[in-house]
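The chain contents come next:
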Amino acid sequence: MAFDLADEVPPLVAVRRWAGEALSDLGDDDVTDCVLVVTELVTNAYDHGAAPRRVALHRDQDPCRIRVEVHDGSRGRVRVGRSRLGGHRGRGMVIVSQIAAEWGVRQQGAGKTVWAEIVCQATDRTS
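Residues numbered from 1 in each chain as written. Predicted model: local features only at pLDDT ≥ 70, side-chain atom pairs only at ≥ 80, totals over all residues. Heavy atoms only, no water.

Looking at an unreviewed UniProt entry, the protein chain carries the name ATPase, with the source organism given as Saccharothrix yanglingensis.

Below you can see the structure in the form of structure tokens.
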């Protein structure tokens, strides 16, 4: 499932709602972790990337893993703990690296995809 990010400013409320609904059968802690990772990666795509932007969620059931991918049209490097936007910024990828089992960057043409995988509990709240 994917969400195109066509706005000039990050539509964070809509993205959080979309991700929360897509993962609503997971436990609250897992949804919170995934939504936080989505928020940080989307924010970085707006702060440091370029259009076009897109966020996608991929899910493996056994074991339960959520892969968040955010694509943007910039080939700029991802830096952990440092931001060109000032000393009070730069913690997004630190948060992602603490929550995700692993993360990385895949260069694609004129852009890149930053991805993170979250290991979740195999809890099904619908049963």
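Undergrad: Describe the pairing of strand β5 (residues 111-119), naming the residues involved and giving the relevant values.
TA: On a regular strand, one side chain projects to one face of the sheet and the next to the other, so that they alternate. For β5, a buried count of 8 out of 9 residues is recorded, marking the element as mostly surrounded by other parts of the structure. The pairing of strand β3 (residues 65-72) with β5 spans 8 bridges and is classified as antiparallel. Bridge pairing in β5 links Val68 to Ala116. Where strand β4 (residues 102-108) meets β5, 7 bridges bridge the pair, whose relative direction is antiparallel. Note that in β5 the partner of Gln107 across the bridge is Lys112. Turn length for the β4-β5 hairpin, with the two strands adjacent in sequence and antiparallel, is 2 residues, and the turn residue Gly109 shows positive phi of about 50°. (Buried < 20%, exposed > 50% of the residue type's maximum accessible area, 1.4 Å probe, protein only. Helix = DSSP H or I, 4+ residues; strand = E, 2+ residues; numbered from the N terminus. Pairing = 2+ DSSP bridges.)

Undergrad: I'd like a description of the packing of aromatic side chains, backed by residues and values.
TA: Within a pair of aromatic rings, the relevant descriptors are the distance that separates the centres and the angle that separates the planes. Applying the stated rule across the entire model yields 1 aromatic pair. Between Phe3 and Trp18, the ring centres sit 5.5 Å apart and the planes meet at 55°, which makes this aromatic pair tilted. Taken as a pair, Phe3 in strand β1 (residues 2-5) and Trp18 in helix α1 (residues 12-22) lie far apart in primary sequence, 15 residues in all. Between Arg53 and the ring centre of Tyr46, over which it is positioned, the NZ or CZ distance is 4.1 Å. (Phe/Tyr/Trp six-rings, centres within 6.5 Å; stacked < 30°, edge-to-face > 60°. Lys NZ or Arg CZ within 6 Å of the ring centre and 35° of its normal.)

Undergrad: Account for the state of the cysteines, naming residues and giving values.
TA: Counting across every chain of the model gives 1 disulfide. Cys120 supplies the cysteine sulfur nearest to Cys34, a cysteine that is in no disulfide, at a spacing of 6.2 Å. (Disulfide = S-S within 2.5 Å.)

Undergrad: Tell me about the packing of helix α2 (residues 28-48) against helix α3 (residues 92-99), and please be specific about residues and values.
TA: As a packed pair, α2 and α3 sit with axes 9 Å apart at the nearest point and diverge in direction by 150°. On the basis of their axis angle, the class for α2 and α3 is roughly antiparallel. Of the two possible hands of crossing, α2 and α3 adopt the one that is left-handed. Here α2 contributes Asp33, Leu36, Val37, Glu40, Leu41 and Asn44 to the contact with α3, which in turn contributes Gly92, Met93, Ile95, Val96 and Ile99. When its residues are assigned to classes, the contact of α2 with α3 shows 7 nonpolar, 2 polar and 2 charged. (Axes fitted to C-alpha atoms, helices over the stretch in contact; angles between N-to-C directions. Parallel < 35°, antiparallel > 145°, perpendicular 65-115°, else oblique. Left-handed = near helix turned anticlockwise from the far one by under 90°. Contact = heavy atoms within 4.5 Å. Nonpolar A, V, L, I, M, F, W, Y, C, P; charged D, E, K, R; others polar.)

Undergrad: How would you summarise the pattern of salt bridges if you had to cite specific residues and measurements?
TA: One pass over the full model with this rule turns up 8 salt bridges. The shortest N-O distance in the salt bridge between Arg54 and Asp4 comes to 3.1 Å. Pair noted here: Arg54 is in strand β2 (residues 53-60) and Asp4 is in strand β1, with a separation of 50 residues, a long-range link. Note on Asp4: relative accessible area 53%, which makes it exposed. The residue Glu69 makes a salt bridge to Arg106 at a minimum N-O spacing of 3.7 Å. Of this pair, Glu69 sits in strand β3 while Arg106 sits in strand β4, and the two are 37 residues apart along the sequence. Under the relative-accessibility criterion, Glu69 is labelled buried at 15%. Put simply, Arg65, Arg67, Glu69, Glu102, Arg106 and Glu117 are held in one network by salt bridges that share partners. (Salt bridge = Lys/Arg side-chain N within 4 Å of Asp/Glu carboxyl O.)

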